[in-house]
Each structure stands twice: as structure tokens, then as C-alpha cells.
Amino acid sequence: MARHRGPLRPWAVVLWLLVWQLAAMALAAAYPHGGLLLASPLSALRRLGELAVTTAFWRAVGWSACRILGGFLLSCGAAAALAALAARYPRAEELLAPPVAAVKATPVASFIILALVWLNSGQLPLFIAFLMVFPTVYLNLLEGIRQTDRKLLEMARVFRVSPARRLTGIYLPQVLPYFRSAASLGLGLCWKAGIAAEVIGLPAGSMGERLYTAKIYYQTPDLFAWTAAIVAVSAAFERLFWKLVDALAGKAAV
């Protein structure tokens, strides 16, 4: 069987970097301050290297990562608990349906502005990340629980299989693909929403604050460098998260 190959190819990445470099060079040649409009990939990479050796850079990365990823993990935990409750009790699902629908439909900027009325800027990224991830994970887990093989559950009931064994042997393998789909989307969403919250709320020492400062002072290489750092941290956490999930799933199945 042919192995499925993902759409991201090194040659395509190199091609688009080349297009970016040529566009930056054309702007620099056409306008006296063309570099303010579009930094080249080389200047952005050089600036990222300069930032990466400073303690302030890693402090900002740690500040944002703790809050945004903390919101993601809290949201996954709450979504799992409430999805199990909703699958067991239809009234609970009916009660949760309106707020879940409201969160799905409301723009993230509206939640950020509203949350600033109740929370300080330091709490904002965690809350927004939690809120934006919750509907996706909750709805997918609820569907996964409902799609669990009823024959297996009936057999487990007949043979008096313990609830813990049912959870690890029946529910976990069948719900995990739904969780993977939801969490993959949620991991990207939590960073987008969390950084947007930081750019609006401007908590001191955050990556979002550094992005906003770079924009205010037309520090275009800094803007691209911080954006690249956000993408890199997000990708690194996603890899670590799935390794942890796979390890825990493997231990639970034993």
C-alpha cells in the first residue's frame, strides 16, 4: 500500500521563501523605505537569531506558552468531563447546548473585549484559549462517545467488566480519533486566539505585546521574527503533546 504523503514539501517551502525574498528586494528597490513594508526572510531569520539569545525572548515565550497552553489543557479536561456528562444525561446536553452554540458563533474579538471588563490582561490569554477550544473538543468527544460500539458495551456489562477497564479498553480506543481531530484544530486555534488576546490586552512581557510593539515602531523584522517564534513554539508543543497522549494511551491499553 502506498504511504500517504502530506502536502508540505521542502521544495515548495523554498520556492515560497524565494518569492518572499524577491518581493522584499523589489519593494526595497522601488521605495526608499520598502523594508518597512516587507522584511526579507533573511532579515527576519537574522533578527530571530538575535532575539533567541536573550533572556527577555525566552521569558516572553514562557509567559505566553504557560497561559495559552494552560487554557488549552484546562479546556480539554473540562470538555472531556462535560461530554461524558452530556452523553450520560440528555438534560445536561440540552443545558450546555446554548452556551456552546454562542461560543461557536461569537467572534473571538468580541469575547476578548468583553473579557477585559471582568479580567485583568494577565488572565485574558488563558481564558480566551480555554473558551475558543472548548466547543470543538466538547462536540467531538460527545460524538465519539455516542459512536462507541454498543455491542462491546453490552458484552462488558454481561461479563461484569469494571468501569475502569471499560474506559481504557472500550471508550478510549474509539474516542481517541475524535479527540485527535478536535485537539489538532484546537492547538492551532488556542495560539491564534491567545496571541490575539495578548495583542489587544497587552499583558506585560507577553509575545503579543512584543508583536504590538514591533508594529507600533515599524520594526518589521521583529514582527516577522516574533511570528515565526509563535509558529515554532506552537508546532513544538503539538509534537510533544501528541507524544504524551500516545504514551498515556499506550499505558492505559496495557
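For every chain, the first residue of the written sequence is number 1, and numbering continues from 1 along that sequence. Residue-level local features of this predicted model are given only where pLDDT is at least 70; pairs of side-chain atoms are given and counted only at 80 or more, and the full residue set underlies all totals for whole chains, interfaces and linings. Side-chain metrics rest on all non-hydrogen atoms present in the structure, leaving aside hydrogens and water.

S.K.: What am I meant to see in the nonpolar core here?
M.R.: Of all hydrophobic cores here, the largest spans 43 residues; its most connected members are Phe-72, Val-137, Tyr-138, Phe-179, Trp-191, Met-207 and Phe-241. Breaking this core down by element, the ones donating at least two residues are helix 4 (55–88), helix 5 (90–105), helix 7 (124–146), helix 9 (163–201), helix 10 (207–216) and helix 11 (220–253). Per-element accounting of this core gives the leading share, 11 residues, to helix 4. Only heavy atoms matter for contacts: two residues are in contact if any of them lie within 4.5 Å across the pair. If we ignore the near neighbours within four places in the chain, the residues touching Val-137 are Cys-76, Ala-79, Phe-179 and Ala-182. Nine residue types can take part in a nonpolar core, namely buried Ala, Val, Leu, Ile, Met, Phe, Trp, Tyr and Cys, and a core is a set of them joined through side-chain atoms within 4.5 Å. Whether a residue is buried, partly exposed or exposed follows from its accessible area with a 1.4 Å probe, protein chains only, as a fraction of its type maximum: under 20%, in between, or over 50%, in that order. Within the second largest apolar cluster, 10 residues are counted, among which are Val-103, Phe-111, Ile-128 and Leu-131. To qualify as a helix, a DSSP run of H or I must reach at least 4 residues; to qualify as a strand, a run of E must reach at least 2; elements of each kind are numbered from the N terminus.

S.K.: Would you take a moment to explain the side chain of Asp-222 for this structure?
M.R.: Within the secondary structure, Asp-222 sits in helix 11. Ignoring anything within four residues of it in the chain, the contact list for Asp-222 reads Arg-47, Leu-51 and Ala-214.

S.K.: What am I meant to see in a nonpolar patch on the surface here?
M.R.: Residues enter a patch when their relative accessible area is above 30% and they make no salt bridge; the linking distance is 9 Å between like charges and 5 Å between nonpolar side chains (Val, Leu, Ile, Met, Phe, Trp, Tyr). For every accessible area listed, the method is Shrake-Rupley and the probe measures 1.4 Å; residues are considered covered only by the protein chains on display. One side-chain nitrogen of Lys or Arg within 4 Å of one carboxyl oxygen of Asp or Glu is enough to make a salt bridge. A contiguous nonpolar surface patch, about 800 Å² in accessible area, is contributed by Trp-11, Leu-15, Trp-16, Leu-18, Val-19, Leu-22 and Met-25. The class of Trp-16 is exposed, set by a relative accessible area of 62%.

S.K.: Where do I start with the pattern of salt bridges in this structure?
M.R.: When their charged atoms lie close together, side chains carrying opposite charge are able to pair. Under the criterion given, the structure shown has five salt bridges. For the salt bridge of Glu-50 with Arg-47, the shortest nitrogen-to-oxygen distance reads 3.0 Å. Residue Glu-50 and its partner Arg-47 are located together in helix 3 (residues 41–52), separated by three residues, close to a single helical turn. In this structure, Asp-246 engages Arg-180 in a salt bridge whose closest nitrogen and oxygen atoms are separated by 2.0 Å. One end of the pair, Asp-246, is in helix 11; the other, Arg-180, is in helix 9, with 66 residues separating them in the sequence. Accessibility expressed as a relative area gives 28% for Arg-180, which makes it partly exposed. The network of salt bridges with shared partners includes Arg-47, Glu-50 and Asp-222.

S.K.: Before we go on, may I ask you to explain the packing of helix 4 against helix 10 in this structure?
M.R.: Lines fitted to C-alpha atoms define the axes here, with helix axes fitted over just the stretch in contact, and angles between the N-to-C directions of these axes take values from 0 to 180 degrees. Where helix 4 contacts helix 10, the two axes come as close as 8 Å, and the packing angle between them is 125°. Taken as axis vectors, helix 4 and helix 10 run oblique relative to one another. Contacts between helix 4 and helix 10 involve Ala-56, Ala-60, Val-61 and Ser-64 from the former and Met-207, Gly-208 and Arg-210 from the latter. For this classification, under 35 degrees means roughly parallel, over 145 means roughly antiparallel, 65 to 115 means roughly perpendicular, and everything else is oblique.

S.K.: Teacher, can you tell me more about unusual backbone geometry here?
M.R.: A negative phi angle characterises most non-glycine residues, just as the trans form characterises most peptide bonds. Look at Leu-202: it is not a glycine, yet its phi comes out positive at around 55°. With respect to the helices and strands, the residue Leu-202 is situated in the loop between helix 9 and helix 10. The phi dihedral of Tyr-218 falls on the positive side, at around 55°, and the residue is not glycine. Checked against the element boundaries, Tyr-218 lands in the loop between helix 10 and helix 11. Classification of Tyr-218 as exposed rests on a relative accessible area of 57%.

S.K.: Please explain the packing of aromatic side chains as it appears in this structure.
M.R.: Each pair of aromatic rings is reported with the distance of its centres and the angle of its planes. Here a Phe, Tyr or Trp ring, Trp counted by its six-membered ring, pairs with any other such ring whose centre lies within 6.5 Å, and the pair is stacked when the planes are under 30 degrees apart, edge-to-face when over 60, and tilted otherwise. Inspection of the entire model under this criterion finds 11 aromatic pairs. Where Phe-72 meets Phe-241, the ring centres are 5.3 Å apart and the plane angle is 80°; that geometry is what we call edge-to-face. Placement of Phe-72 in helix 4 and of Phe-241 in helix 11 is noted, with a sequence separation of 169 residues between them. Taken as a pair, Phe-72 and Phe-241 share a single burial class, namely buried. Ring plane angle 20° and centroid distance 6.2 Å describe the contact between Phe-130 and Phe-134, whose orientation is recorded as stacked. On the criterion of helical spacing, the pair formed by Phe-130 and Phe-134 is a turn pair, its members being four residues apart in helix 7. Accessibility expressed as a relative area gives 25% for Phe-130, which makes it partly exposed. Ring pairing ties together the aromatic residues Phe-72, Phe-179, Phe-237, Phe-241 and Trp-242, which thus form one cluster.

S.K.: For this particular structure, what's the right way to read the environment of Ala-52?
M.R.: Inspection of the secondary structure assignment puts Ala-52 in helix 3. Residues Ala-52 and Ala-229, 177 residues apart in the sequence, show an inter-C-alpha distance of 9.0 Å. When neighbours within four sequence positions are excluded, Ala-52 is seen to be in contact with Phe-57 and Trp-58.

S.K.: Got a minute to help me understand the packing of helix 9 against helix 10 in this structure?
M.R.: How two helices pack is summed up by the angle between their axes together with the distance between the axes. Two elements in contact, helix 9 and helix 10, have axes separated by 7 Å at closest approach and are oriented at 60°. Relative to helix 10, helix 9 is oriented oblique. The interaxial crossing formed by helix 9 with helix 10 has right-handed handedness. Of helix 10, the residues touching helix 9 (which contributes Trp-191, Ile-195, Glu-198 and Val-199) are Met-207, Gly-208, Glu-209, Leu-211 and Tyr-212. Tallied by class, the residues present in the contact of helix 9 with helix 10 amount to six nonpolar, one polar and two charged. Handedness of a helix crossing follows the sense of rotation of the near helix relative to the far helix, less than a right angle counterclockwise being left-handed and clockwise being right-handed. Three categories are distinguished: nonpolar for Ala, Val, Leu, Ile, Met, Phe, Trp, Tyr, Cys and Pro, charged for Asp, Glu, Lys and Arg, and polar for the others, with Gly belonging to the last.

Such coordinate-based values are descriptive only and should not be taken to indicate function.
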